[in-house]
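So you can see what is in the structure, the chains are spelled out below.
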Amino acid sequence: TKMTALELSGSLWKWLRKEPEVLKQTLKAISFVLLIPRQATGCSDPRRTGEVQHVAAIALKGLCTGAKLQLQESMSELCQLYTGTINLPTRTHVFIAIAVSSVVAFMTHDEDFENGLRQLLTPLVEALQSAIDKSQLLVEILDRIIRVVMQIRIQQGSPRTAVMGNFVKELLWPPIVH
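The text that follows walks through the structure, step by step, so that each part is easy to find. (Residues numbered from 1 in each chain as written. Predicted model: local features only at pLDDT ≥ 70, side-chain atom pairs only at ≥ 80, totals over all residues. Heavy atoms only, no water.)

Some details on the overall build of the chain
A count of helical and extended segments in the chain gives 10 helices and zero strands. Taken over C-alpha atoms, the radius of gyration comes to 16 Å for the chain, in line with the 16 Å a tight globule of 178 residues would show. For the C-alpha atoms alone, the extent of the chain along its principal axes is close to 45 × 40 × 20 Å. Split into buried and exposed, the 178 residues of the chain put 43% on the buried side. The contacts of the chain with a sequence gap of at least 6 include a subset with a gap of at least 24, amounting to 68%. Of the charged side chains in the chain, 19 are positive and 16 negative, and the gap between their average positions amounts to 6 Å. (Helix = DSSP H or I, 4+ residues; strand = E, 2+ residues; numbered from the N terminus. Rg over C-alpha atoms; globule rule 2.2 N^0.38 Å. Buried < 20%, exposed > 50% of the residue type's maximum accessible area, 1.4 Å probe, protein only. Contact = heavy atoms within 4.5 Å. Lys, Arg positive; Asp, Glu negative; His and termini not counted. Charge placed at Lys NZ, Arg CZ, Asp CG, Glu CD.)

Topic: the layout of surface pockets
Sizing a probe to match a water molecule and rolling it over the atoms shows the empty space that remains. What the largest pocket holds in volume is close to 200 Å³. Contributing to the lining of the largest pocket are Lys24, Leu27, Lys28, Ser31, Leu35, Glu73, Ser74, Glu77, Gln80 and Leu81. Take the lining of the largest pocket: its biggest share by element is five residues, from helix α3 (residues 20-35). Tallied by class, the residues present in the lining of the largest pocket amount to three nonpolar, three polar and four charged. (1 Å grid on protein atoms, 1.4 Å probe; cavity = no way out; pocket = protein on both sides within 12 Å on 5 of 7 lines; lining within 4 Å. Points joined across faces, edges and corners; volume = space filled by probe spheres on them. Nonpolar A, V, L, I, M, F, W, Y, C, P; charged D, E, K, R; others polar.)

What to know about the packing of aromatic side chains
A full pass over the atoms with the stated rule returns zero aromatic pairs. Above the ring of Phe106, the side-chain terminus of Lys68 is found at 4.9 Å from the ring centroid. (Phe/Tyr/Trp six-rings, centres within 6.5 Å; stacked < 30°, edge-to-face > 60°. Lys NZ or Arg CZ within 6 Å of the ring centre and 35° of its normal.)

Quick notes on the packing of helix α8 (residues 110-130) against helix α9 (residues 135-150)
Put simply, α8 and α9 touch, their axes get as near as 9 Å, and they point 165° apart. Classed by the angle they form, the pair α8 and α9 counts as roughly antiparallel. Between α8 and α9 lies a crossing whose hand is left-handed. Here Leu117, Leu120, Leu121, Leu124, Ala127 and Leu128 of α8 lie close against α9, whose contacting residues are Leu138, Ile141, Leu142, Arg144, Ile145 and Val148. The residue makeup of the contact of α8 with α9, split by class, is 11 nonpolar, no polar and one charged. (Axes fitted to C-alpha atoms, helices over the stretch in contact; angles between N-to-C directions. Parallel < 35°, antiparallel > 145°, perpendicular 65-115°, else oblique. Left-handed = near helix turned anticlockwise from the far one by under 90°.)

What about the environment of Lys61?
Its place among the elements puts Lys61 in helix α5 (residues 46-66). The residues contacting Lys61, other than those within four sequence positions of it, are Phe95, Ile98 and Ala99.

Some details on helix α1 (residues 2-11)
Residues three or four positions apart in an α-helix share a direction because the helix packs 3.6 residues into each turn. Along α1, the positions that sit buried rather than exposed are Met3, Leu6, Ser9 and Gly10. For α1, the arc enclosing every buried residue in end-on projection is 125°, short of the 170-degree limit, so these residues lie on one face. (Arc of directions from axis to C-beta.)

Some thoughts on the pattern of salt bridges
One pass over the full model with this rule turns up five salt bridges. Residue Arg160 pairs with Asp110 through a salt bridge whose shortest N-O separation is 2.7 Å. Taken together, the positions of Arg160 in helix α10 (residues 159-177) and Asp110 in helix α8 put the pair 50 residues apart, joining distant regions of the chain. Of the charged contacts in the structure, one is a salt bridge between Glu114 and Arg118, with a shortest N-O distance of 3.7 Å. (Salt bridge = Lys/Arg side-chain N within 4 Å of Asp/Glu carboxyl O.)

What follows is the structure, given as structure tokens:
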């Protein structure tokens, strides 16, 4: 079944990272399920579609956390996937946030790291500003922000320390304080 294939693709990252073309095709297949749920799942039942998308998000997390170095060249597609799925249920999108942020965290160039982090956090901060009076939505947005930030490991004194500090100071902190 489609769900079994998705589960398998997320756990085959060790092999997939040695097969760049197959890795790209697997990423495309998972993205297709996440971005075009009706056609990709073949389901008319929204609950079934949600289940398939959730499994796809978990598979994406497995793929990205396992093959994060090999997926750096796919960062643009991953960020598009992330923003294109931001309206999925939080329980599903959290896995997409973890997946994409794990690739961002290992970007080799500081400028790419900063750009990727900005693409991940900006839509969430914008949503945070509009959800300040809606407690449940606020909690869901903060949960995603926390998941993104938790993937980032920075050595003290590196240029990325300043990048993260600036994001917190300029992007995250103002909406929370006001």
